[in-house]
Amino acid sequence: MTSSLRRFAPLLALALLLVVPFLATDSYTRHLFIIAFIYAIVAANWNLSLGYCGVFNFGHLTFFGVGVYTAAIAAKTFGITPWLAIPLGGITAAGAAFLIAAPVARLKGIYVVLVTFAVSQLAMQLVLSQSQITGGGEGMVRIPFLQLGDYSFIRDFKFGYYYVALGLLVLSTLFLRFVVQSPFGKALLAVRDAQDYSTARGISVSRQRILVLVLSAIFTGIAGGFYAIYLRVASPEVFGFGTMSLVLSMVLLGGVGTLYGPIAAALALTFLTEALAGIQGFEEARFIVVAVVMVLILRLAPGGLVSLLDRLRPSRPAS
Amino acid sequence: MSEPILKTSRVSKSFGGLKAIRDVSFEVAPGEIFGIAGPNGSGKSTLFNIITGIPFGPNAGEVWFKGKRIDGQPAFKIARMGLSRTFQKDAEFPDLSARETLAVSAVFCGGLDRRQAAERSEEAFALVAFAPHRRDMASAGLSVFEKKQLMIASALVSKPDILMLDEPASGLTKPEIQALDTLLRNVNAAGVTILLIEHVLTLLMSVSQRLLILNQGQQLAEGEPRAVMRQPDVIEAYLGKRTQ
């Protein structure tokens, strides 16, 4: 891929996504895109801590879950407008990330995995045990939906929700782009690749790890908030292993340490699994097919889908 | 000697039953090039580690820098105070370009903004004579000598008071060692105090004004380089006992 095409590919993709609702007028296709956009936000933000900073945070979906329940409780229990409940999810998720990050910042490798995964299970148990607030195992339903004056977002075949979800994805991507291109973002790569060298250059490794977890939680929590308002449901399943492994596969498939890889993978995986579900005999086997595709891609291109595109680029002459 | 810029007082470091550094005390004057030598495993790099706190500080003893006690301080803060080091093994940020590597160091260690960091990076590149056309290359693609230059430049970009170099000549060819000799003299002439661990004795003897010899974690000798190298116990530590 030429560098100019690479530079303009995201804008081209955005232009295509902007016209999709006019081409796909059925609510099911739009729903798939909305779900893919939500997962893309979660995967891309997970990639900030996992891919750019090397923090094996297996509790990232906790931030998503915190966003889901914050928006659900804020909108349903406290009657706060959903427009405010959604960003509120980002604030509480960032707060939760700060609490989790403090003990995790000084841990390494497998211990980070263990502690963060334990935290996600703890969050799920907390939701299950506080049923008078969270609805327990049954979750929360009939959460208020988005409205804009007299315009109702649940009577437009998901036209409005599509653009809100796409808008959130664009904002999240711009935010991540700003972070990774800043000196802070470069220092994340430094910490990931050489901790002692980073320390010798005045970088506080613990501070970077705390900040990256907090930053990665903001849009993840907002996505969680939107998820609750859009589906009008908050269920403890969001803390489960199934959702975590799905989003993790998007990060790995798209390319760890890349900005657009997880977004592309979220779209690809969402539509691939749905396409396979439509083929007779593949309803149950689709996850096996997806797993095989993942193994093949990671075997052939460990850097993910983005590295496959990079291979198409003409090689630079040696300096 | 004038007021020392760096001083260690009876510093020790043990790993379980192994005493890697035992009661080492020395002082470095501002502006000098202070060499540290000794056989393999004598504790040279461990001494660097406990002075800078990367990745560990001393078990006992004190480290003073610019009149302040620094042992027990967070290592990144020690670096920001002006004590900058390099590493024996190739240390690099493989996904950052040479320019980005220096910018990160200038921002975090030197407390500069992006524009100032870019200007300071150019100065540091010039000081180590880093080729202009290689500055936007990813660090992983640089030659061994360029990586050494980059590591030194990234240490210098924050304008440290002391530059601590851990075997910078390892893996270099003779002409490159000669270039390194010139580089160290230029850096020192710019007012930077240098602590140098080096196995290449020609380089060490050429640039050092004073020399500390370590053996099995202990201080064996200290003083003017040629006089130190003539001492019988130093010769014995390097070559072994003479048999009759």
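Everything here concerns the structure above.
Residues numbered from 1 in each chain as written. Chains lettered and ligands numbered in written order. Predicted model: local features only at pLDDT ≥ 70, side-chain atom pairs only at ≥ 80, totals over all residues. Heavy atoms only, no water.

Attention now moves to the overall build of chain B. Of the regular secondary structure elements, chain B holds nine helices and 10 strands. Dimensions along the principal axes, computed over C-alpha positions, put chain B at roughly 60 × 40 × 35 Å. Within chain B, the proportion of its 244 residues that are buried is 52%. Expressed as a percentage of contacts within chain B between residues at least 6 apart in sequence, the contacts between residues at least 24 apart total 65%. Of the roughly 10700 Å² of accessible surface on chain B, 50% is carried by carbon and sulfur atoms. One finds the centroid of the 29 positive side-chain charges in chain B at a distance of 3 Å from the centroid of its 26 negative side-chain charges. (Helix = DSSP H or I, 4+ residues; strand = E, 2+ residues; numbered from the N terminus. Buried < 20%, exposed > 50% of the residue type's maximum accessible area, 1.4 Å probe, protein only. Contact = heavy atoms within 4.5 Å. Areas by Shrake-Rupley, 256 points an atom, 1.4 Å probe, with all protein chains shown as cover. Lys, Arg positive; Asp, Glu negative; His and termini not counted. Charge placed at Lys NZ, Arg CZ, Asp CG, Glu CD.)

Ordered by their spatial adjacency, four strands build an open sheet running E2-E1-E4-E5 (chain B), and the pairing between neighbours is antiparallel. Each edge of the sheet is formed by a strand with only one pairing partner; in this case those strands are strand E2 (18-28) and strand E5 (68-69) of chain B. (Pairing = 2+ DSSP bridges.)

Right, let's get into the interface of chain A and chain B. It is common to give the size of an interface as the accessible area that goes away when the parts come together. Each partner contributes to the interface: chain A provides 22 residues, whereas chain B provides 30 residues. Summed over both sides, the interface of chain A with chain B buries roughly 2100 Å², with 67% coming from carbon and sulfur. In this structure, the connection of chain A to chain B is made through two salt bridges. Among the salt bridges present, the one from B:Asp95 reaches A:Arg192, with a minimum N-O distance of 2.6 Å. Counting the contacts that link chain A with chain B gives seven residue pairs in polar contact (both at pLDDT 80 or more). Looking at the side of chain A that touches chain B, the elements that each hand over two or more residues are helix H8 (183-193) and helix H9 (195-200) of chain A. Per element, the largest residue contribution to the side of chain A that touches chain B is eight residues, and it comes from H8(A). A breakdown of the residues in the side of chain A that touches chain B according to their chemical character gives nine nonpolar, eight polar and five charged. (Buried area = accessible area lost by both parts, 1.4 Å probe. Salt bridge = Lys/Arg side-chain N within 4 Å of Asp/Glu carboxyl O. Polar contact = N/O pair within 3.5 Å; in protein donor to acceptor, adjacent residues only side chain to side chain. Nonpolar A, V, L, I, M, F, W, Y, C, P; charged D, E, K, R; others polar.)

Looking now at the packing of aromatic side chains. Here the distance between the centres and the angle between the planes together describe a pair of aromatic rings. Tallying each qualifying case throughout the model produces 23 aromatic pairs over all chains. Consider the rings of A:Tyr197 and B:Phe93, whose centres lie 4.3 Å apart with planes at 20°: the pair is stacked. Taken together, the positions of A:Tyr197 in helix H9 and B:Phe93 in the loop between strand E6 (83-85) and helix H3 (98-108) put the pair across two chains. An identical accessibility class is assigned to A:Tyr197 and B:Phe93; each is buried. Residues B:Phe15 and B:Phe56 carry aromatic rings whose centres are separated by 5.3 Å and whose planes lie at 75° to one another, so their mutual orientation is edge-to-face. Taken as a pair, B:Phe15 in strand E1 (residues 6-15) and B:Phe56 in the loop between helix H1 (44-52) and strand E4 (60-65) lie far apart in primary sequence, 41 residues in all. (Phe/Tyr/Trp six-rings, centres within 6.5 Å; stacked < 30°, edge-to-face > 60°.)

Residues and elements named next belong to chain B. Where strand E9 (residues 210-215) meets strand E10 (residues 218-223), five bridges bridge the pair, whose relative direction is antiparallel. Paired with Asn-215 across the bridge in E10 is Gln-218. Taken together, E9 and the strand that follows it, E10, pair antiparallel across an intervening segment of two residues, in which Gln-216 is found at a positive phi of about 50°.

Glancing now at the side chain of B:Asn49. Residue and element names in this part refer to chain B. Topologically, Asn-49 is positioned in helix H1. Among the residues examined, Asn-49 registers a relative accessible area of 13% and is labelled buried. Within the local environment of Asn-49, its side chain forms a polar contact with the side chain of Arg-85, the two groups lying 2.7 Å apart. Apart from the residues within four sequence positions on either side, Asn-49 is in contact with Ile-54, Pro-55, Phe-56 and Arg-85.

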